[in-house]
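Structural characterization, general
The residues making up each chain are set out below.
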Amino acid sequence: MSHRREVVIGHTVLGRSIEAVHFTPPSYARERPPALLFGAIHGDEAVTQLMLERLADELVERPPGRDTWIVPCVNVDGVLAGTRNNANDVDLNRNFASASWGTQRRPGYHPGKAAEDQPETQAIVALIERTGAHRLIAVHATYRMINWDGGGEPLAHELAERCGYPVERDMGYPTPGSFGTKYGVEQQREVVTFEVPYLGVDERAWTDCRTALRWCVDLPA
Ligand SMILES: [Zn+2]
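A brief look at the structure comes next. (Residues numbered from 1 in each chain as written. Predicted model: local features only at pLDDT ≥ 70, side-chain atom pairs only at ≥ 80, totals over all residues.)

Side note on the pairing of strand β1 (residues 3-11)
Basically, it comes down to this: Here a strand pair is declared whenever DSSP counts at least two bridges between the two strands. Secondary structure counts use DSSP, requiring at least four H or I residues in a row for a helix and at least two E residues in a row for a strand, with both numbered from the N terminus.
Pairing of β1 with strand β2 (residues 17-24), which is carried by eight bridges, proceeds in the antiparallel orientation. Directly across from Val 7, in β2, lies its bridge partner Ala 20. The antiparallel pairing of β1 with β2 creates a hairpin that spans five residues between the two strands, and Gly 15 there sits at a positive phi of about 85 degrees.

This is the structure in C-alpha cells:
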C-alpha cells in the first residue's frame, strides 16, 4: 500500500476547498522529482476530474514510482456551475504569470485583472513552489491529442505511444498566461498536456489514457 493523504491546497472564489491527493513513494523512488497532475482547470471539462480521481484510486493499491500530487479538480466552482471560467469569469489557464500574460486577448478568455490574482491559480502556484514538482501534467478536454512545453517533449512521445493520440507541438493559437507558457516555455519544466475526449458511454477517455496516466507516475502498466 502506498501512503495516501488528502490535503486542502486552497479555496475557490466561492470558498470551496481545492483538494490534492498526495502519494509518498517507496524510498527507492524518492530521488525522482515530484509529479503534479491536475484536471478541470476549465469547469466544462469535468471528464478530466473523473479520470484523475480514478487514477488516484488505483494508486492506493500500487504506489507510484515518484512523489505524486494529484489535483483532480482545480476549478471547483466552474465544474459545479458548468462554466469554463471560474466564479470571477476568469479563464484560469490565462491567469498564470508568464511574461506574455494579458497580451493577445481573445473574447471569453479573460486573463484576470492581474497575473495570478485568482485563488485557484494561486493554489496551484503555491503547490508547485512548495513541492518543487518538475513533471507537470495538465489534463484538458475535448480533443484527442498530447502537447508539450519546455522539457516535456520526450515524455509526450512516450505517452502518445501508450494512448494512441498524436503529439502536437502547440494548440495552434497563442495562449498568453497559460500554465504551459509559464512552467514549460519559461521555466523549462517537463510540461505535458493531455487533451481527452468526453468520457461517453464507452468510457473511451479512460480506456485510452489509463496506461499513459500511470506512466506519468512511473507505474508499470
Ligand atoms: Zn481546457
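Moving on from the model shown.
A look at the packing of helix α1 (residues 46-61) against helix α6 (residues 204-216)
Quick note on the threshold: The angle between two axes is taken between their N-to-C directions and runs from 0 to 180 degrees, where each axis is a line fitted to C-alpha atoms and a helix contributes only its stretch in contact. Should an angle fall under 35 degrees it is taken as roughly parallel, and over 145 as roughly antiparallel, whereas 65 to 115 is taken as roughly perpendicular and any remaining angle as oblique. For a crossing to be left-handed, the near helix must be turned anticlockwise from the far one by less than a right angle; the clockwise case is right-handed. Each residue gets a C-beta atom placed from its backbone, and two residues are in contact if those atoms lie within 7 Å. The residue classification treats Ala, Val, Leu, Ile, Met, Phe, Trp, Tyr, Cys and Pro as nonpolar and Asp, Glu, Lys and Arg as charged. All others, Gly included, are polar.
Two elements in contact, α1 and α6, have axes separated by 11 Å at closest approach and are oriented at 50 degrees. The angle between α1 and α6 places the two elements in the oblique class. When the axes of α1 and α6 are compared, the crossing they make is right-handed. For the pair α1 and α6, contact is made by Val 47, Met 51, Arg 54 and Leu 55 and by Ala 205, Trp 206, Cys 209 and Leu 213, respectively. Taken together, the residues of the contact of α1 with α6 sort by class into seven nonpolar, no polar and one charged.

Looking at the nonpolar core
Cut-off, in case you're wondering: A set of buried residues qualifies as a nonpolar core if it consists of Ala, Val, Leu, Ile, Met, Phe, Trp, Tyr and Cys joined through C-beta atoms within 7 Å. Buried, partly exposed and exposed are defined by the number of other C-beta atoms within 10 Å of a residue's own C-beta, namely 20 or more, between the two limits, and 12 or fewer respectively, with C-beta atoms placed from the backbone.
Counting residues in each nonpolar core, the largest one holds 57 residues, and the members touching the most others are Leu 36, Leu 37, Met 51, Ile 70, Val 74 and Ile 137. In terms of residue count, α1 provides more of this core than any other element does, seven residues in total.

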